[in-house]
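Architecture at a glance
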Amino acid sequence: MSDLDNKSEVKKEVPKYNIVEPHDLSSRSKWLREYYFKGVKREWNNQYMPFTTGTDWDIIWKETDYYVAPEVHFYIGNKGKGVFEGALRSMALPVKLPDNFWELSLPERKIRFFEEVMLNYIPQEIISENDLIAGGRFNTQLSNCLTKKETKRYWKNNLNVRQKFYKFHKSGFGNVGATAGHLIPDHETIIKKGFKYIYEKAETQYDQLNEREKKGPKGQELRAMMEAAEVPRKLAMKYAEECRRLKETASSSERVEELEQMAKNLEKVPWEPAETFWQGVQAIWLTHMLIMAEESYPGPGISFGRTDLHLWHLYKKDVVDEKTISKEFAKDILGSFWFHCNTAYDAQIMVGKQGITSAFGQLMTLSGCGPNGEDLTNELTYTILEVVDEWSPILEPKPNVRLHRNSPEKLLNIIVDIVSRSQGAPFLINFDERSIAGMITEGISPEEAWDYACVGCLENTMQGNDRSGTVNCNPNLTKSIELTLWNGKNMPGNDVVTKTGQQIGPKTGNPESFQTWEDFWNAWKKQIEFLIKYTVDTYNLTEDIRAEFVPTPYLSTLVRGCIEKGLDIRRGGPELRFITVEGVGFATTVDSLLAIKKFVYDDNKYSITQIKDALINNFEGEEFAVIQTMLKNRAPKYGNDVDDADELARKIMKVWSDETWKYKTSTNYQFRPGMLSWNYWAGADAGFTVATPNGRNKATFLSNAICPSNGADLKGPTAVTNSVGVVLGGKTENGAYINYLPNGSSHTITFNPSILKDPEHKEKFKSYLKGYVENGGTCLQINMLDVEMLKDAQKHPENYTNLLVRITGYNAYFNAIGKELQDEIIARESHKI
């Protein structure tokens, strides 16, 4: 045996700490989960499949979808010569086009191309004998189907705006861009009425048009939608044929029966209403995977809504009342669904850990209240939570459990038990009273707002009639501090993509001449107003491009309002239309203003000049290091339930969030505020942010969403919770909830696992969750992490392959996020109760 062989025999070091493992899975679900995690060793995968019209001018990769992701900017080239577009063009399979293809309107071309690819180019496969849900490959990169003339116009528009997005980001303002996903399609209608109903609705709408309208844009859109509504039926029939073909080689009579039932299910759904639980789950999956295929955007934010309510009548009939299937078989059906959701990550399966860096956000909302505050938890809620717990750790689908004042003790007990066994909790917890107040703020009636659900990470929207662009605008709020201190200009030395001394924001006066805090505050308000306007103006540049050149007729059939108006979802079709402005670096901004207020105006300890000099020098040198220590440790900080600090934080929140409501897109989408931050506070935005008056060094982490700055929350989780509730608006004198951020606000908190070591501590944690309902924010993400375990995982990553940690609104594998973000998680305050 060679030395190399000897080395391969060396055993891995035994891990010092245990991580969560799946448990109590059936043999079927266990096989599917293990097969998924084989990754590149699988004989089957769902990698990107590119398809082209075969023209010289064809565009496959939609670069504008990725302007919002600065880490991708490097790979974008000129006129299709970038890394991604060039690679996809070289790999793309030409699709045979009908003779009249180029005579059709763009929406009709798009759906005709989509149908041809899904039915005749992508194979219909049942993954294994353990799979109970049909619908395998869906990760596509599809041609834009543009004519040569349209392509020329597309590139002219696109190249005019691209550099403006780069400049916005590199100047430290954040990142923006019209992107795909991030909505809840009308699954409830598909389950209860089917695509046949959708087709007939579009047909009726089309028949009501006059001849001129039929020849115009409205007629074109409706014809495309009618054709789109038939694609799921045609694809389901193809899968039914495959199920019956597989019966010939099935390994058992039981599998023959399963395949026959799968075929019958597919002949029924999603065209007709679902009549069984199995059919309901199958209908959701086919509907969902086709959205990902059409948008060529696997998974991000395309969510399921209140699945336990949508499927409850079918589960109750099949499992509870008639007992036509067992609860365990229902869990196996859900297990197949879980498997398919996770194959979204196969898109980039050759990149690292199956291309996984974080959750794509196929979010499933569970439990919650009804129209009168009554609890709507049912037996399916608990069954789904069992599947969540038994399959963990795994990323998809991502559950969000809605809690409220009337949530049952049984549900709370289950949540605490699952959290106690996790590292990064496998679900988010949403809080209804505060969230519903936010939905009402944006104009949803109280009679409807109770039926909200969550998309992507934690973003609150309505179901089936709402597209809220929930991650499209991410302004770096801390930039407003820099602009205020330098009278609307960059800090000297920070002109990365602008001319030295160039005026960027409004002239608000030399701050050295300000006599009072009110003078500084008023200047800051003008700069934050400019920042929000600059954000929406930059964003709107891609909104127009997407509306004109990238229609999605299939998705449009699943969002109410589009058929009724004869308008694509990207042209303003939905009943509810919002674009969300997600403020980044909130606590960094608050703490910086608190420090200036205290040390410059209240205590007269430092001058504005001294503060600015310290920032320019990044606190380097003895004099500036002393100033940094004072700013960090002696200034008040948001997150400690201190009235004066929290009140200023509330005013800051209200100023910038109110500003978003002043603006709309050209496609009639209303801007609205939220606070998510994704991972921009840790990387993309932080790297272009100068030192800040809270004592933070340049290019280091900003604060995360609505969380306090790392290390600033010194008074425990209840104090943090109270501060979060206050800055969102608190309550009225009558006790009604106020919520300035209808999109929701991400609050990630880390606890030491010891807090749930016994029943007494679990009861305390339940009390904490009940307190959060009363006084906290909209959404809580919980990490149960031992810092020493994370440090050991850095040293021995091979022992912690599937260690999940919660970043903000999403989980990620600890080994896949990079050392800088790992260090940020380790540095977070670990609370005890």
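Residues numbered from 1 in each chain as written. Predicted model: local features only at pLDDT ≥ 70, side-chain atom pairs only at ≥ 80, totals over all residues. Heavy atoms only, no water.

1. Examining the overall build of the chain
Keep this limit in mind: Put simply, DSSP marks the helices as runs of H or I at least four residues long and the strands as runs of E at least two long, and each gets a number from the N terminus on. Only C-alpha atoms enter the radius of gyration; for comparison, a globular chain is expected to reach 2.2 Å times N to the power 0.38, where N is the number of residues. Partly exposed residues are those whose accessible area sits between 20% and 50% of the maximum for their type, while under 20% is buried and over 50% is exposed, using a 1.4 Å probe and protein chains only. Contact between two residues is taken to exist if any of their heavy atoms lie within 4.5 Å; hydrogens are not considered.
Scanning the chain from terminus to terminus reveals 30 helices and 18 strands. Its C-alpha atoms give the chain a radius of gyration of 27 Å, within 12% of the compact-globule value 28 Å for 833 residues. On the principal axes, the C-alpha backbone points of the chain span a range of 85 × 75 × 65 Å. Taking all 833 residues of the chain together, the buried fraction comes to 64%. Contacts in the chain between residues far apart in sequence, at least 24 positions, make up 78% of those at least 6 positions apart.

2. Let's talk about the environment of T660
Looking at the secondary structure, you find T660 in helix α26 (residues 643-660). For the pair T660 and P673, spaced 13 residues apart in sequence, the C-alpha separation works out to 6.2 Å. In this view, T660 contacts I532, V581, Q670, F671, R672 and P673; residues no more than four positions away in its chain are not counted.

3. Description of the nonpolar core
The following threshold applies: Buried residues of nine kinds, namely Ala, Val, Leu, Ile, Met, Phe, Trp, Tyr and Cys, make up a nonpolar core once their side-chain atoms join them within 4.5 Å.
Grouped together as the largest cluster of nonpolar side chains are 218 residues, with contacts concentrated most on F277, W338, L403, F586, M653, W656 and F765. In this structure, L785, Y800, I817 and L821 belong to the second largest nonpolar core, which totals 31 residues.

4. With respect to the pattern of salt bridges
The line we're drawing: By definition, a salt bridge exists where a carboxyl oxygen of Asp or Glu is found within 4 Å of a side-chain nitrogen of Lys or Arg.
Following the criterion strictly, the structure yields 52 salt bridges and no others. Between R112 and E227 there is a salt bridge; the shortest N-O distance is 2.7 Å. Of this pair, R112 sits in helix α4 (residues 106-120) while E227 is found in helix α9 (residues 217-246), placing the two residues 115 residues apart along the sequence. By relative accessible area, which is 26% here, R112 ends up partly exposed.

5. Some thoughts on a nonpolar patch on the surface
What counts is decided by this rule: Residues enter patches when they are more than 30% accessible in relative terms and free of salt bridges; like-charged ones are connected within 9 Å and nonpolar ones (Val, Leu, Ile, Met, Phe, Trp, Tyr) within 5 Å. Only the protein chains shown count as covering a residue, and every accessible area follows the Shrake-Rupley method with a 1.4 Å probe.
Judged by side-chain polarity, F74, Y75, V83 and F84 come together as a nonpolar surface patch covering roughly 420 Å² of accessible area. Counting through the fold element by element, F84 comes out in helix α3 (residues 83-91).

6. Points about the packing of aromatic side chains
Geometrically, a pair of aromatic rings is defined through the distance of the ring centres and the angle of the planes. Rules: Here a pair means two rings of Phe, Tyr or Trp (six-membered ring of Trp) with centres within 6.5 Å. Their orientation is stacked below 30 degrees between planes, edge-to-face above 60, and tilted elsewhere.
Tallied over the full model, the rule gives 43 aromatic pairs. Note on W61 and F84: the rings are 5.0 Å apart at their centroids and 75° apart in plane angle, and the pair reads as edge-to-face. Of the two residues, W61 is situated in the loop between β1 (49-52) and α3 and F84 in helix α3; the sequence distance between them amounts to 23 residues. Residue classification places W61 among the buried positions, given a relative accessible area of 6%. Under the relative-accessibility criterion, F84 is labelled partly exposed at 31%. Judged by centre distance (5.7 Å) and plane angle (55°), the ring pair of Y66 and Y297 falls under tilted. On the criterion of sequence distance, the pair formed by Y66 in the loop between β1 and α3 and Y297 in the loop between α11 (277-295) and α12 (307-310) is long-range, its members being 231 residues apart.

7. Thoughts on the sheet that holds β1
Note the following rule: Note on pairing: DSSP must find at least two bridges between two strands before they are called paired.
Strand order in the open sheet formed by three strands is β2-β1-β3, with parallel pairing between adjacent strands. What marks the edges here is a single partner per strand, and that holds for β2 (93-94) and β3 (140-142). Pairing between β1 and β2: two bridges, direction parallel. Within the sheet, the bridge partner assigned to F51 lies in β2 and is L93.

8. Observations regarding unusual backbone geometry
With an omega of 5°, the peptide bond between S392 and P393 qualifies as cis. As for its position among the elements, P393 is in the loop between α15 (379-391) and β6 (398-403). Cis geometry marks the peptide bond from E396 to P397, where omega comes out at -15°. Of note, P397 is situated in the loop between α15 and β6. Positive phi values are uncommon outside glycine, yet S367 reaches one of about 65°. One can find S367 in strand β5 (residues 363-367).

9. Quick word on the pairing of β6
This is how the line gets drawn: Whether a crossover is right-handed depends on one test, that the path from the first strand over the helix to the second runs clockwise when the strands point away from the viewer.
When you tally the buried positions in β6, you get six out of six residues, the bulk of the element. Residue alternation in β6 divides its side chains into two sets, K398, N400 and R402 and P399, V401 and L403, and both sets are buried. What joins β5 to β6 is α15, and the crossover it makes is right-handed. Bridge analysis of β6 against strand β7 (residues 428-431) gives four bridges, and the strand direction is parallel. The residue bridging L403 from the neighbouring strand is F431, located in β7.

10. Overview of the side chain of R42
Inclusion rule: In protein, a polar contact requires one atom able to donate a hydrogen and another able to accept it; more generally it is a pair of N or O atoms within 3.5 Å, and residues adjacent in sequence count only if both atoms are side-chain atoms.
Within the secondary structure, R42 is located in the loop between α2 (27-36) and β1. Within the structure, the side chain of R42 is placed 3.1 Å from the backbone oxygen of Y35, a separation counted as a polar contact. At a separation of 3.1 Å, a polar atom in the side chain of R42 contacts the main-chain carbonyl oxygen of W44.

11. Let's talk about the packing of helix α27 (residues 717-727) against helix α28 (residues 759-775)
In a packed pair of helices, the relevant descriptors are the angle between the two axes and the axis-to-axis distance. The criterion, for reference: Note on definitions: angles span 0 to 180 degrees between N-to-C directions of axes, and those axes are lines fitted to C-alpha atoms, for helices only across the stretch in contact. Here is the rule for angles: anything less than 35 degrees is roughly parallel, anything more than 145 is roughly antiparallel, 65 through 115 is roughly perpendicular, and the remaining ranges are oblique. Rotating anticlockwise by less than a right angle from the far helix to the near helix defines a left-handed crossing, while the corresponding clockwise rotation defines a right-handed one.
The N-to-C vectors of α27 and α28 enclose an angle of 20°; their axes lie 9 Å apart at closest approach. As far as their axial angle goes, α28 and α27 are roughly parallel. Taken as a pair, α27 and α28 cross one another with a handedness that is right-handed. Packed against α27, whose contacting residues are P717, T718, T721, N722, V724 and G725, the element α28 presents Y768, Y772 and N775 at the interface.

12. Focus on helix α10 (residues 253-268)
This is how it is decided: The length a helix should cover is 1.5 Å for every residue beyond the first.
Between the first and last C-alpha of α10 there are 23 Å, a value that for 16 residues agrees with the 22 Å anticipated at 1.5 Å per step. Listed as buried for α10 are R255, E258, L259, E260, M262, A263, N265, L266 and K268.

13. Structural notes on the pairing of β7
Alternating positions in β7 separate into two faces, L428 and N430 on one and I429 and F431 on the other, with burial throughout. Direction of pairing for β7 relative to strand β15 (residues 779-784): antiparallel, over a ladder of two bridges. Looking at the pairing, N430 lines up with C779 of β15.

14. Quick look at helix α24 (residues 608-616)
Our working rule: The directions from the helix axis to the C-beta atoms are what the arc is built from.
All of the buried residues in α24 are I608, I611, K612, A614 and L615. Buried residues of α24, seen end-on, are gathered within an arc of 160° and therefore sit on one face of the element. Summarising the contacts, the buried residues of α24 are in contact with α19 (479-485), α20 (517-549), α23 (586-602) and α25 (622-633). Just past α24, the residue N618 takes up positive phi, approximately 55°.

15. As for the state of the cysteines
Heads up, the rule is: In plain terms, two cysteine sulfur atoms within 2.5 Å form what is called a disulfide here.
This model, assessed by the stated rule, comprises zero disulfides. Here C457 is not cross-linked by a disulfide; its sulfur's nearest cysteine counterpart is in C779, at 9.1 Å.

16. Re the packing of helix α14 (residues 327-342) against α15
Rules: Note on residue classes: Ala, Val, Leu, Ile, Met, Phe, Trp, Tyr, Cys and Pro are nonpolar, Asp, Glu, Lys and Arg are charged, and everything else, Gly too, is polar.
In the contact formed by α14 and α15, the axes pass within 10 Å of each other and the chain directions differ by 55°. By the angle between their directions, the pair α14 and α15 is classed as oblique. Taken as a pair, α14 and α15 cross one another with a handedness that is right-handed. Residues K327, K331, L334, G335, W338 and F339 of α14 form the contact with α15, whose own contacting residues are T383, I384, E386, V387, V388, E390 and W391. Across the contact of α14 with α15, the residue classes tally to seven nonpolar, two polar and four charged.

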